[in-house]
Amino acid sequence: MSLDVISVEAAIAITERSRSTWWRRIAKSEITRVADDARGRAMLLWSEVVPQICVPMEPIDLAVVLHADAGDAAAQNDIGQFFSIAGKHKIAFYWLQQAAQQDHPDAMQWLGRCYISGDGVPKNDNLGIMWIAKAAAHDHVIAQTQIKGLRGGKFVAQTNSV
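From a predicted model like this one, the values you see are computed outputs, not experimental measurements.

Asker: How would you sum up the sheet that holds strand 1 (residues 5–7)? Please name residues and give values.
Answerer: Read across the sheet, 3 strands follow the order 1-3-2 without closing on themselves; strand pairing throughout is antiparallel. Strands at the two margins of the open sheet, each flanked by one partner only, are strand 1 and strand 2 (33–34). Relative to strand 3 (residues 43–45), strand 2 runs antiparallel, the two sharing 2 bridges. Paired with valine 34 across the bridge in strand 3 is methionine 43. Against the sheet, helix 1 (residues 8–15) engages strand 1 and strand 3, with an angle of about 85° to strand 1.

Below is the structure:
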């Protein structure tokens, strides 16, 4: 896995710039497109994307972004939480959804919370409860507490602390 490139999709997410903006910049040779990765994703030079990230990031966080883009569910969860705490809920949702789809329990719980709160996605209690129930089924303690509270008639939208 090369950690000096990032997918166009991830660049769109972390910079809050549109797909058309990125492709226009690629067409004008303002951004370097490198060979597609093994999954067929268009890739960009990481060093050219970093200055355009929408929030300040420490070097360790930047490294997590690259691992997340490479498909590491734990890194996707971590960077999703990072962006959620930074108030960038659409970006957080992007990463949390990827991790949750890989059965990462913590990401499932956070994704459920996003749906219930309407953070980064239209509010949808049914999808929120579904993701939290999946997290609970994967032994996520907070999600299990939330489901127990729901059965008792009170749902507590707890969050994890990072």
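Moving on from the model shown.
Asker: So what's going on with the pattern of salt bridges? Residues and values would help.
Answerer: Note on pairing: side chains with opposite charge can pair once their charged atoms come close. For the coordinates displayed, the defined rule picks out 8 salt bridges. The partner of lysine 88 in a salt bridge is glutamate 16, and the shortest N-O contact between them spans 3.2 Å. Placement of the pair is lysine 88 in the loop between helix 5 (73–85) and helix 6 (89–100) and glutamate 16 in the loop between helix 1 and helix 2 (19–27), with a sequence separation of 72 residues. You can call glutamate 16 partly exposed: its relative accessible area is 47%. With a shortest N-O distance of 4.0 Å, aspartate 37 and arginine 39 are connected by a salt bridge. Here the salt bridges do not stand alone but share partners, grouping Asp37, Arg39, Arg41 and Asp69 into one network.

Asker: Break down the packing of helix 8 (residues 125–137) against helix 9 (residues 141–151) for me, with residues and values.
Answerer: Where helix 8 contacts helix 9, the two axes come as close as 8 Å, and the packing angle between them is 125°. Taken together, helix 8 and helix 9 sit at an angle that is classed as oblique. By crossing handedness, the relation of helix 8 to helix 9 is classed as left-handed. Contacts between helix 8 and helix 9 involve Ile129, Ile132, Ala133, Ala135 and Ala136 from the first element and Ala143, Gln144, Gln146, Ile147 and Leu150 from the second. Per-class residue counts for the contact of helix 8 with helix 9 are 8 nonpolar, 2 polar and no charged.

Asker: Provide a residue-level description of the packing of aromatic side chains, including the pertinent values.
Answerer: Tallied over the entire structure, the rule returns 3 aromatic pairs. On the numbers, 5.3 Å between centres and 90° between planes, the contact of phenylalanine 82 with phenylalanine 83 is edge-to-face. Given a relative accessible area of 22%, phenylalanine 82 falls into the partly exposed group. Ring geometry for tyrosine 94 and tryptophan 95: centres 4.8 Å apart, planes at 85°, overall edge-to-face. By relative accessible area, which is 22% here, tyrosine 94 ends up partly exposed. With a relative accessible area of 0%, tryptophan 95 lands in the buried category. Over the ring of tryptophan 22 we find arginine 25, and its NZ or CZ is 6.0 Å from the ring centre. Directly above the ring of tryptophan 110 sits arginine 113, whose terminal nitrogen or CZ lies 4.7 Å from the centroid.

Scoring rules and cut-offs
Residues numbered from 1 in each chain as written. Predicted model: local features only at pLDDT ≥ 70, side-chain atom pairs only at ≥ 80, totals over all residues. Heavy atoms only, no water. Pairing = 2+ DSSP bridges. Helix = DSSP H or I, 4+ residues; strand = E, 2+ residues; numbered from the N terminus. Contact = heavy atoms within 4.5 Å. Axes fitted to C-alpha atoms, helices over the stretch in contact; angles between N-to-C directions. Salt bridge = Lys/Arg side-chain N within 4 Å of Asp/Glu carboxyl O. Buried < 20%, exposed > 50% of the residue type's maximum accessible area, 1.4 Å probe, protein only. Parallel < 35°, antiparallel > 145°, perpendicular 65-115°, else oblique. Left-handed = near helix turned anticlockwise from the far one by under 90°. Nonpolar A, V, L, I, M, F, W, Y, C, P; charged D, E, K, R; others polar. Phe/Tyr/Trp six-rings, centres within 6.5 Å; stacked < 30°, edge-to-face > 60°. Lys NZ or Arg CZ within 6 Å of the ring centre and 35° of its normal.

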